[in-house]
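# Structural overview
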Amino acid sequence: MLLLGRLQDLAGTDELILEAPLSWETLLANVPAALAAAIRDERVNVALSGTVVADKATILAHEGDEVALLPPVSGG
């Protein structure tokens, strides 16, 4: 699982390895509490193997799939 931006800071790493199959509930249960709270934010998107999913609660990643957590983008 790839983590970007502030999500990377919350996890203390840019990548986590989680066991497959990986559902949204399993993902939330296996990441640090602060990260789980942050990724519940509706502005955080999830990409599965390069495609942003419409409803992150429906993800189901299998062995070899890449899950990326994409925080909201801010600019200035």
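The notes below deal with the structure included here. (Residues numbered from 1 in each chain as written. Predicted model: local features only at pLDDT ≥ 70, side-chain atom pairs only at ≥ 80, totals over all residues. Heavy atoms only, no water.)

One broad rule of soluble globular proteins: the nonpolar side chains tend to lie buried together. In terms of nonpolar packing, the biggest core is built from 20 residues, with M1, L27, I39 and V67 touching the most fellow members. Mapped by element, the contributors of at least two residues to this core are α2 (24–29), α3 (33–39), β3 (45–48) and β6 (67–70). V67 has contacts with M1, L2, L22, L27, V46, A47, L48 and A61, leaving out every residue within four places of it along the chain. (Core = buried A, V, L, I, M, F, W, Y, C linked by side-chain atoms within 4.5 Å. Buried < 20%, exposed > 50% of the residue type's maximum accessible area, 1.4 Å probe, protein only. Helix = DSSP H or I, 4+ residues; strand = E, 2+ residues; numbered from the N terminus. Contact = heavy atoms within 4.5 Å.)

Another aspect to go through is the pattern of salt bridges. Taken as a whole and judged by the stated rule, the model has one salt bridge. Residue D41 is joined to R43 by a salt bridge in which the shortest nitrogen-to-oxygen separation is 2.8 Å. Assessed through its relative accessible area of 21%, D41 is described here as partly exposed. With a relative accessible area of 51%, R43 lands in the exposed category. (Salt bridge = Lys/Arg side-chain N within 4 Å of Asp/Glu carboxyl O.)

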